[in-house]
Amino acid sequence: MIAAHSFKDRTIALFGLGGSGIATARALAEGGALLTAFDDNPAAVAAAETAGLPVGDLHDLDWNRIDALVLAPGVPLTHPRPHWSAELAHKAGVEIIGDVEIFSRERAAMAPEAPFIAITGTNGKSTTTALIAHCVAASGRDAQLGGNIGVPVLTLAPPEGGRCYVVECSSYQIDLAPSLRPTVGILINLSPDHLDRHGTMENYGAIKERLVAGAQTAVIGIDDPYCAAIADRLEAAGHAVLRISRDLAPADGYGFDGTDVVRRSGGAESGRFRIAGIGSLRGRHNGQNAAAAIAALSAIGLSDAEIAAGLAGFPGLAHRMEQVGHVGQVLFINDSKATNADAAAPALASFDRIHWIAGGLPKEGGIGPLEPLFDHVAKAYLIGEAAPAFAATLGKRIPYEISGTLDQAVASAARDASGTGGEEVVLLSPACASFDQFRNFEVRGAAFRDAVSALPGFRPI
């Protein structure tokens, strides 16, 4: 745990007692803050009190005596309207911050030389974060992995010069971290997302830009117009910028040529990293993720050989194009995290002959946006509430069956794929939420793994 000593004897209100909120409350209490924690859920307040944390209704505080409001990332700061705790803080002129801001202040106070890589983007940030941390650890260095990837940042080991912090940052966390100053800041890509919480694309992009604007070195994807404009703007203002792309490498930066990430300096090739053959990094989207990771790792001093060794051993993330195993020549891929069409597209683009398991609780737009990738699908196996609508979209273009349940879909897909005698892929990439049949996408992915593992002749990877 990172105790928040920079808040010692300061009067702090905290709202939001989920996982990261509890961790933040503990860090503040351990650091000697005069804390009052609260949540709109009485059960969460009771659990925090049972855990020994100081709780109380923030409505009852004298806000003129509060030094800061610490807000959990899931609590609205501005849109669709500020949470009532944020409104109270605004009226009293109290600063509003989050856990990443507390981490930033503790690092600045304890070990400002500790390498700190902060990663954001609309898509790919978790894979990039995990890949960087894996490569740092594989090189023998102390890698501290946390943030939006699921490990609260204040549960990491306290800042020391020899520790490298690799932190995934959501737009919500960046919005609550005014002093965010990473060694390397990565902005992978931008597309419209979370606009219910940020109001407009301009606001959303401006928040993401803060992360790279405060970095010593900014690593920015240039495959979308929003990020390309940010890279140009920061470079014009004198910032150190490394551009990355899922296509050809820029004159000074990193790109992916379909097999390798290529580094160019001054227009000339200066390095090459093999990605083809690394199953956990299939697809051009992962070429972009790998380019971002390599740029950041080089910037903090890893050698090309250390980076190449780390890449080769990357196991990937659970439920994100996760290689589960083989039955004969059939490869089974768990992409349960793909809860909408845009998220499913990279997996469909990464394989030539797919037995595609799709469906669940449908999202707006269905699978219509995936039609350009239907040529990759040998047959579809449809599950859940979305099955009839997906069948209507597939029509006569692609063979399909309405399997209903995931277990039946796995059995049917395994049977059909093994009957071809060639290299085939059974892919769970649902393009749907899980909530009609499963509690969340993790449970759905675990059920897929279990069903695949029970198949005769299964060999894990």
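Residues numbered from 1 in each chain as written. Predicted model: local features only at pLDDT ≥ 70, side-chain atom pairs only at ≥ 80, totals over all residues. Heavy atoms only, no water.

(A) Up close: the packing of aromatic side chains. Inspection of every chain in the model, using the stated rule, returns 6 aromatic pairs. Look at Trp356 and Phe374: their rings are 6.3 Å apart centre to centre, the planes differ by 45 degrees, and that puts the pair in the tilted class. Here Trp356 is found in strand 16 (residues 354-359), whereas its partner Phe374 is found in the loop between strand 16 and strand 17 (377-383), with 18 residues between them in sequence. Here Trp356 matches Phe374 in class, with each residue buried. (Phe/Tyr/Trp six-rings, centres within 6.5 Å; stacked < 30°, edge-to-face > 60°. Helix = DSSP H or I, 4+ residues; strand = E, 2+ residues; numbered from the N terminus. Buried < 20%, exposed > 50% of the residue type's maximum accessible area, 1.4 Å probe, protein only.)

(B) The arrangement of the sheet that holds strand 16 in detail. Strands sit in the order 18-17-16-19-15-14-20 across an open sheet of 7 strands; the sheet is mixed. Each end of this open sheet is capped by a strand with a single partner; those strands are strand 18 (400-404) and strand 20 (458-460). The average undirected angle you get between the axes of adjacent strands in this sheet is 25 degrees. The pairing of strand 16 with strand 17 spans 6 bridges and is parallel. (Pairing = 2+ DSSP bridges. Axes fitted to C-alpha atoms, helices over the stretch in contact; angles between N-to-C directions.)

(C) View of the packing of helix 8 (residues 201-213) against helix 9 (residues 225-236). The N-to-C vectors of helix 8 and helix 9 enclose an angle of 45 degrees; their axes lie 11 Å apart at closest approach. Relative to helix 9, the element helix 8 lies oblique. Where helix 8 crosses over helix 9, the two elements pack in a sense that is right-handed. In contact with Met201, Gly205, Glu209, Val212 and Ala213 of helix 8, helix 9 contributes Tyr226, Ile230, Arg233 and Leu234. Of the residues contributing to the contact of helix 8 with helix 9, the split by class is 6 nonpolar, 1 polar and 2 charged. (Parallel < 35°, antiparallel > 145°, perpendicular 65-115°, else oblique. Left-handed = near helix turned anticlockwise from the far one by under 90°. Contact = heavy atoms within 4.5 Å. Nonpolar A, V, L, I, M, F, W, Y, C, P; charged D, E, K, R; others polar.)

(D) Region of the structure containing the pattern of salt bridges. All chains considered together, the criterion is met by 26 salt bridges. A salt bridge links Arg263 to Asp304; its shortest N-O distance comes to 2.8 Å. Of this pair, Arg263 sits in strand 12 (residues 260-265) while Asp304 sits in helix 11 (residues 304-312), placing them 41 residues apart in sequence. Classification of Asp304 as partly exposed rests on a relative accessible area of 34%. Of the charged contacts in the structure, one is a salt bridge between Arg272 and Glu269, with a shortest N-O distance of 3.0 Å. (Salt bridge = Lys/Arg side-chain N within 4 Å of Asp/Glu carboxyl O.)

(E) Geometry of the layout of surface pockets. Within this model, the second largest pocket holds a volume of roughly 220 Å³. For the lining of the second largest pocket, the elements supplying multiple residues, two or more each, are strand 14 (322-327) and strand 19 (424-428). The class makeup of the residues in the lining of the second largest pocket is 4 nonpolar, 4 polar and 6 charged. (1 Å grid on protein atoms, 1.4 Å probe; cavity = no way out; pocket = protein on both sides within 12 Å on 5 of 7 lines; lining within 4 Å. Points joined across faces, edges and corners; volume = space filled by probe spheres on them.)

(F) Just the pairing of strand 11 (residues 253-256), in detail. Here strand 11 shows two buried faces, one formed by Gly253 and Gly255 and the other by Tyr254 and Phe256. When strand 10 (residues 240-244) meets strand 11, the two strands line up parallel, connected through 2 bridges. The residue of strand 11 that forms the bridge with Ile244 is Tyr254. The sheet contact formed by strand 11 and strand 12 spans 4 bridges and is antiparallel. Looking at the pairing, Phe256 lines up with Val261 of strand 12. In this antiparallel pair of consecutive strands, strand 11 and strand 12, the connection spans 3 residues, and Gly258 shows a positive phi of 105 degrees.

(G) Region of interest: empty space enclosed by the protein. What the rule picks out here adds up to 2 cavities of 30 Å³ or more. Size it by volume and the second largest cavity reaches roughly 50 Å³. For the second largest cavity, the full set of lining residues is Leu14, Phe15, Gly16, Ser20, Gly21, Thr24, Val70, Leu71, Ala72, Pro73, Gly98 and Asp99. Listed by contribution, the elements that provide at least two residues to the lining of the second largest cavity are strand 1 (11-15), helix 1 (19-30) and strand 3 (68-71).

(H) How the structure looks around helix 9. With 12 residues, helix 9 extends 16 Å from end C-alpha to end C-alpha; this agrees with the ideal 16 Å at 1.5 Å per step. Taken together, the buried positions of helix 9 are Cys227, Ile230, Ala231 and Leu234. The arc that holds the buried residues of helix 9, viewed along the axis, is 100 degrees, so those residues lie on one side. Residues of helix 9 that are exposed and point over 90 degrees away from its buried face: Pro225 and Ala236. Elements that come into contact with the buried residues of helix 9 comprise strand 8 (184-187), helix 8, strand 9 (217-221) and strand 10. (Expected span 1.5 Å × (residues − 1). Arc of directions from axis to C-beta.)

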